[in-house]
Amino acid sequence: MSEAVTRIPVGGTAGTEPYEVLVGRQLLGELSGLIGPKARRVAVVHPEALAETGDALRADLAEQGYEAIAIQVPNAEEAKTAEVAAYCWKALGQSGFTRTDVVVGVGGGATTDLAGFVAATWLRGVRWIAVPTTVLAMVDAAVGGKTGINTAEGKNLVGAFHPPAGVLCDLAALDSLPVNDYVSGLAEVIKAGFIADPVILDLIESDPEAARTPAGPHTAELIERSIRVKADVVSSDLKESGRREILNYGHTLGHAIEKNERYKWRHGAAVSVGMHFAAELGRLAGRLDDATADRHRTVLEAVGLPLHYRYDQWPKLLEAMKVDKKSRGDLLRFIVLDGLAKPTVLEGPDPAVLLAAYGEVGQ
Ligand SMILES: NC(=O)c1ccc[n+]([C@@H]2O[C@H](COP(=O)([O-])OP(=O)(O)OC[C@H]3O[C@@H](n4cnc5c(N)ncnc54)[C@H](O)[C@@H]3O)[C@@H](O)[C@H]2O)c1
Ligand SMILES: O=C(O)C(=O)C[C@@H](O)[C@H](O)[C@H](O)COP(=O)(O)O
Ligand SMILES: [Zn+2]
């Protein structure tokens, strides 16, 4: 008997095309429907780690009559560069890819960010479909249409809003994910818990060890709840003119750490340290109660996510945070909590408060 498939709607407001995030197993049968009747060519962008999956998908699409190509890109953040994007553009150009053809991004968030960006920029925008294969990509990266690449100056500094035509979250993909990558994705799940859906935190806290594996009893529910948080936010504010900024909770410092580590840290690990910082900032700014601030430490630590970073790096991190996309001119802006599930913006905090908050994080 096949398992049920959950369908979560996204978008459809302010002139955007609605689409669905499907969560279940054996979802690849849905792909041709999403590719649509007009496409002749399909490009499957996948990381080295998923070479077999990428090639199997290409072969399957070729059997269905498409001119299918596989574009293999490096694993993780090494794929999110201008050079790799140019490599993909070359592959599309050489295959004669037209405006009715379709990109399929199969992989973690780094791959779906790159594939979506290539789709957004090729011929000024072609259709794309996300097939996320990590927790993080399922609950966050593949949903909402933020696509992009990094530069030496900062994380995701080049990109476009270009929503996918559909997102297929096949839970079976998570079985091959290394535990560190699985746990890294839990940072965005926990973020969704703190900014909008505290039941997520209750479920993780009920058995943090089980939450670290796809075999845990709440895996599907945690993923679906997190997707619903993201879908709700991006449906109301696709281009981040306001409410969408709450999804950046923990990211102001997190992205600065990623840049400082030359993108060798996993995103979720950096966001975990960033959420610890944001909690301390909220507390010191007089916004957040002690119990909710402390809960950040306990839940992040319970699943094995990091809380700390090098104290001596503060001046460099502060510099890096200035190019955060939420900054306006010289004004630094942070997402903090006014309470559980009450995210808000803290503008231009006193530098002494920032340093004191980092004092709790730096080691
Ligand atoms: N666009 C957005 O809204 C958004 C949201 C959150 C994060 N992101 C981005 O997502 C990226 C992080 O994504 P991530 O955590 O998925 O990491 P990732 O894409 O770097 O993947 C981690 C590693 O796992 C490998 N991998 C992927 N799926 C696998 C599987 N099923 N089995 C075995 N190996 C597998 C990858 O090749 C890579 O080596 C960051 O670049 C971050 O900026 C984007
Ligand atoms: O979708 C969003 O909006 C987010 O902020 C989600 C984040 O988890 C994600 O890491 C995003 O890529 C960060 O965006 P950026 O605009 O700060 O680069
Ligand atoms: Zn993120």
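Just so it is clear, the model here is predicted, and its values are computed rather than measured.

(A) Just the overall build of the chain, in detail. The secondary structure content of the chain amounts to 14 helices and 11 strands. For the chain, whose C-alpha radius of gyration is 20 Å, the value lies close to the compact-globule estimate of 21 Å for 363 residues. The C-alpha extent of the chain, read off along each of the three principal axes, is 60 × 45 × 35 Å. Evaluated residue by residue, the chain yields a buried proportion of 49% over its 363 residues. The long-range share in the chain, meaning contacts at least 24 apart out of those at least 6 apart in sequence, stands at 72%.

(B) Looking closely at helix α14 (residues 351-361). Every buried residue of α14 is accounted for by L354, A357 and V361. Summarising the axial view, the buried residues of α14 lie within an arc of 65 degrees, below the 170-degree limit, and thus occupy one face. Exposed side of α14, more than 90 degrees from the buried face: A352 and G359 are the residues found there.

(C) Up close: the sheet that holds strand β6 (residues 127-132). The strand order β1-β2-β9-β6-β5-β3-β4 describes an open sheet built from 7 strands, whose pairing is mixed. Each end of this open sheet is capped by a strand with a single partner; those strands are β1 (6-10) and β4 (67-73). Taken over all neighbouring pairs, the strand axes of this sheet differ in orientation by 15 degrees on average, direction set aside. Sheet analysis places β1 next to strand β2 (residues 19-24), joined by 5 bridges and oriented antiparallel. Note on β2: the bridge partner recorded for R7 is L22. Against the sheet, helix α2 (residues 51-63) makes contact with β3 (41-47), β4 and β5 (102-107), and its axis sits at roughly 170 degrees relative to β4, the strand it touches most. Its contacts with the sheet put helix α9 (residues 219-236) on β1, β2 and β9 (166-170), and the angle it makes with β1 is roughly 15 degrees.

(D) Local environment of the packing of helix α11 (residues 267-284) against α14. For the pair α11 and α14, the least separation of the axes is 8 Å and the interaxial angle reads 130 degrees. By the angle between their directions, the pair α11 and α14 is classed as oblique. In the packing of α11 onto α14, the handedness of the crossing is right-handed. Along the contact surface, α11 presents V273, H276, F277, E280, L281 and L284, while α14 presents V353, L354, A356, A357, Y358, E360 and V361. Looking at the contact of α11 with α14 residue by residue, the class counts come to 10 nonpolar, 1 polar and 2 charged.

(E) A look at the site of ligand 1. Close contacts around ligand 1 come from 32 residues, with N75, A76, G108, G109 and T134 the closest. Taken together, the residues that form the shell around ligand 1 break down as 10 nonpolar, 14 polar and 8 charged. When residues of the shell around ligand 1 are sorted by domain, at least three fall in each of domain 1 (6-176) and domain 2 (179-361).

(F) Highlighting the UniProt feature "domain: 3-dehydroquinate synthase C-terminal" (unreviewed entry) in the chain. With numbering aligned to this structure, UniProt lists the feature "domain: 3-dehydroquinate synthase C-terminal" (unreviewed entry) at residues 185-327. Overall, residues 185-327 shows 63% helix and 0% strand. The separation of its end C-alpha atoms is 26 Å.

(G) Region of interest: the site of ligand 2. Every residue near ligand 2 is listed here: D140, G144, K146, K155, N156, E188, E240, R244, L247, N248, H251 and K325. Both domains that meet at the shell around ligand 2, namely domain 1 (6-176) and domain 2 (179-361), each give it at least three residues.

(H) Spotlight on the nonpolar core. Grouped together as the largest cluster of nonpolar side chains are 115 residues, with contacts concentrated most on V44, V45, V103, L114 and V118. Residue contributions to this core peak at 10 residues, all from α11. Counting contributing residues per domain, this core is built from domain 1 (6-176) and domain 2 (179-361), each supplying no fewer than three. With near-sequence residues (within four places) excluded, V103 lies in contact with A43, V45, A115, V118, A119, V126 and W128.

(I) Expanded view of the pairing of β4. In this sheet, β4 lies alongside β3 in parallel orientation, the contact comprising 7 bridges. Pairing of H46 across the sheet is with Q72, part of β4.

(J) The arrangement of the pairing of strand β11 (residues 343-347) in detail. Judged from the 5 bridges that link them, strand β10 (residues 333-337) and β11 form a sheet pairing that is antiparallel. Bridged to L337 within β11 is P343. Following β10, the chain reverses through 5 residues before pairing antiparallel with β11; A341 in that reversal takes a positive phi of roughly 60 degrees.

Calculation notes
- Residues numbered from 1 in each chain as written.
- Chains lettered and ligands numbered in written order.
- Predicted model: local features only at pLDDT ≥ 70, side-chain atom pairs only at ≥ 80, totals over all residues.
- Helix = DSSP H or I, 4+ residues; strand = E, 2+ residues; numbered from the N terminus.
- Rg over C-alpha atoms; globule rule 2.2 N^0.38 Å.
- Buried ≥ 20, exposed ≤ 12 C-beta atoms within 10 Å, placed from the backbone.
- Contact = placed C-beta atoms within 7 Å.
- Arc of directions from axis to C-beta.
- Pairing = 2+ DSSP bridges.
- Axes fitted to C-alpha atoms, helices over the stretch in contact; angles between N-to-C directions.
- Parallel < 35°, antiparallel > 145°, perpendicular 65-115°, else oblique.
- Left-handed = near helix turned anticlockwise from the far one by under 90°.
- Nonpolar A, V, L, I, M, F, W, Y, C, P; charged D, E, K, R; others polar.
- Near = placed C-beta within 6 Å.
- Domains from an automatic or database assignment.
- UniProt positions renumbered as here; feature names shortened; annotations may be inferred.
- Core = buried A, V, L, I, M, F, W, Y, C linked by C-beta atoms within 7 Å.

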